[in-house]
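Residue-level structural notes
If you want the building blocks of each chain, they are given just below.
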Amino acid sequence: MKKMVVNTLAYIALLAMAFSLASAPDPSPLQDFCVAVNDTNSRVFVDGKFCKDPKWLATPNDFSFSGLRLPGNTSNQLGSMVTLADVAEIPGLNTLGVSLARVDYAPYGLNPPHTHPRASEILTVLEGTLYVGFVTSNPDNRLISKVLYKGDLFVFPQGLIHFQLNVGTTNAVAIASLGSQNPGVITIARAVFGSKPAISADVLTKAFQLDKDVVANLQSKFWTDNHTY
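This write-up is about the structure you can find in this document. (Residues numbered from 1 in each chain as written. Predicted model: local features only at pLDDT ≥ 70, side-chain atom pairs only at ≥ 80, totals over all residues. Heavy atoms only, no water.)

Quick look at the sheet that holds strand β5 (residues 99–105) now. Ordered in space as β4-β5-β12-β7-β10, the five strands form an open sheet in which the pairing is antiparallel. Lying at the two open borders of the sheet, with one neighbouring strand each, are β4 (80–85) and β10 (153–156). Adjacent strand axes in the sheet meet at a mean angle of 20°, parallel and antiparallel pairs treated alike. Direction of pairing for β4 relative to β5: antiparallel, over a ladder of six bridges. By the bridge assignment for β5, Ser80 is matched with Tyr105. (Pairing = 2+ DSSP bridges. Helix = DSSP H or I, 4+ residues; strand = E, 2+ residues; numbered from the N terminus. Axes fitted to C-alpha atoms, helices over the stretch in contact; angles between N-to-C directions.)

Right, let's talk about a nonpolar patch on the surface for a bit. Taken together, the side chains of Ile122, Leu153 and Val155 present a nonpolar region at the surface, about 250 Å² in accessible area. Relative to the elements of secondary structure, Val155 occurs in strand β10. (Patch = residues over 30% accessible without salt bridge, like charges linked within 9 Å, V, L, I, M, F, W, Y side chains within 5 Å. Areas by Shrake-Rupley, 256 points an atom, 1.4 Å probe, with all protein chains shown as cover. Salt bridge = Lys/Arg side-chain N within 4 Å of Asp/Glu carboxyl O.)

For the rest of this paragraph, the subject is the sheet that holds strand β9 (residues 143–148). Overall, antiparallel pairing links the five strands, which are arranged β9-β8-β11-β6-β13 in an open sheet. At either end of the open sheet lies a strand with only one pairing partner, and these are β9 and β13 (186–187). Sheet analysis places strand β8 (residues 130–135) next to β9, joined by six bridges and oriented antiparallel. By the bridge assignment, Phe134 is partnered in β9 with Ile144.

The next subject is the nonpolar core. Grouped together as the largest cluster of nonpolar side chains are 15 residues, with contacts concentrated most on Tyr105, Leu123, Leu130, Val132, Phe154 and Phe156. Those elements that provide at least two residues to this core are β5, β7 (121–127), β8, β10 and β12 (172–178). The residues touching Phe156, leaving out its near neighbours within four places in the chain, are Ser120, Glu121, Leu123, Val132, Gly133, Phe134, His162, Phe163 and Gln164. (Core = buried A, V, L, I, M, F, W, Y, C linked by side-chain atoms within 4.5 Å. Buried < 20%, exposed > 50% of the residue type's maximum accessible area, 1.4 Å probe, protein only. Contact = heavy atoms within 4.5 Å.)

When the charged atoms of two side chains lie near each other, side chains of opposite charge can form a pair. Taken as a whole and assessed by the stated rule, the structure comprises three salt bridges. Between Asp104 and Arg102 there is a salt bridge; the shortest N-O distance is 2.9 Å. With a relative accessible area of 4%, Asp104 lands in the buried category. Since its relative accessible area comes to 11%, Arg102 is described here as buried. Residue Lys212 is joined to Asp202 by a salt bridge in which the shortest nitrogen-to-oxygen separation is 2.9 Å. Taken together, the residues Lys212 in helix α4 (residues 212–222) and Asp202 in helix α3 (residues 201–208) connect sequence positions 10 residues apart. Judged by its relative accessible area of 46%, Lys212 falls in the partly exposed class.

Below you can see the structure in the form of structure tokens.
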């Protein structure tokens with residue numbers, strides 16, 4: 001009986017460890033920080049990046065970024081621009097599991113349906129009025145949406161398709177906080193109709209119940225060299 005209890009507890013402990021590993025976001029660091037550096041001579045390699053010696057080589061610039069001061073250029077087809085501050089821009093974010101983005105919207109500008117495969121997101125509206133929402137997974141595909149005003153925030157769960165639309169007549173600005181140093185982004189329309197090489201028209205016509213000419217037209221919109229979305 002005692003042996004059975006011990007085995008049961010061991011099994012539960014293993015399950016708990018497996019769950020914690022499966023549900024965790026970016027790994028927790030085992031040191032104060034690990035400033036990413038493109039130097040293969042460095043001796044430490046953490047989360048896909050080589051690290052500077054934290055005692056001697058890290059500088060304040062490794063932990064700062066000035067790219068969010070100015071509005072993004074929204075002169076594009078969608079009327080929005082995302083300026084991301086991730087580990088590529090702030091090397092000191094490596095292993096810390098967070099990043100940030102500024103999103104600018106022209107009047108009626110759209111940050112189109114997309115997903116972050118590695119992060120949940122909290123969006124805070126700084127200026128303007130945004131209609132935002134996300135869609136739950138199959139089979140329900142429930143739309144959860146709301147109109148946000150200055151000072152409001154909204155949470156987008158990791159991996160779910162979400163969007164933001166400026167429903168006001170003036171510019172809007174929001175800050176997105178993301179739970180990964182490298183959250184990734186998959187813009188749905190661009191991924192499906194702008195993949196390289198292109199997804200077979202036979203696949204897309206059946207998946208979306210569209211005529212092949214319509215599919216070809218959609219693909220042509222995303223295959224231009226100067227697209228900005």
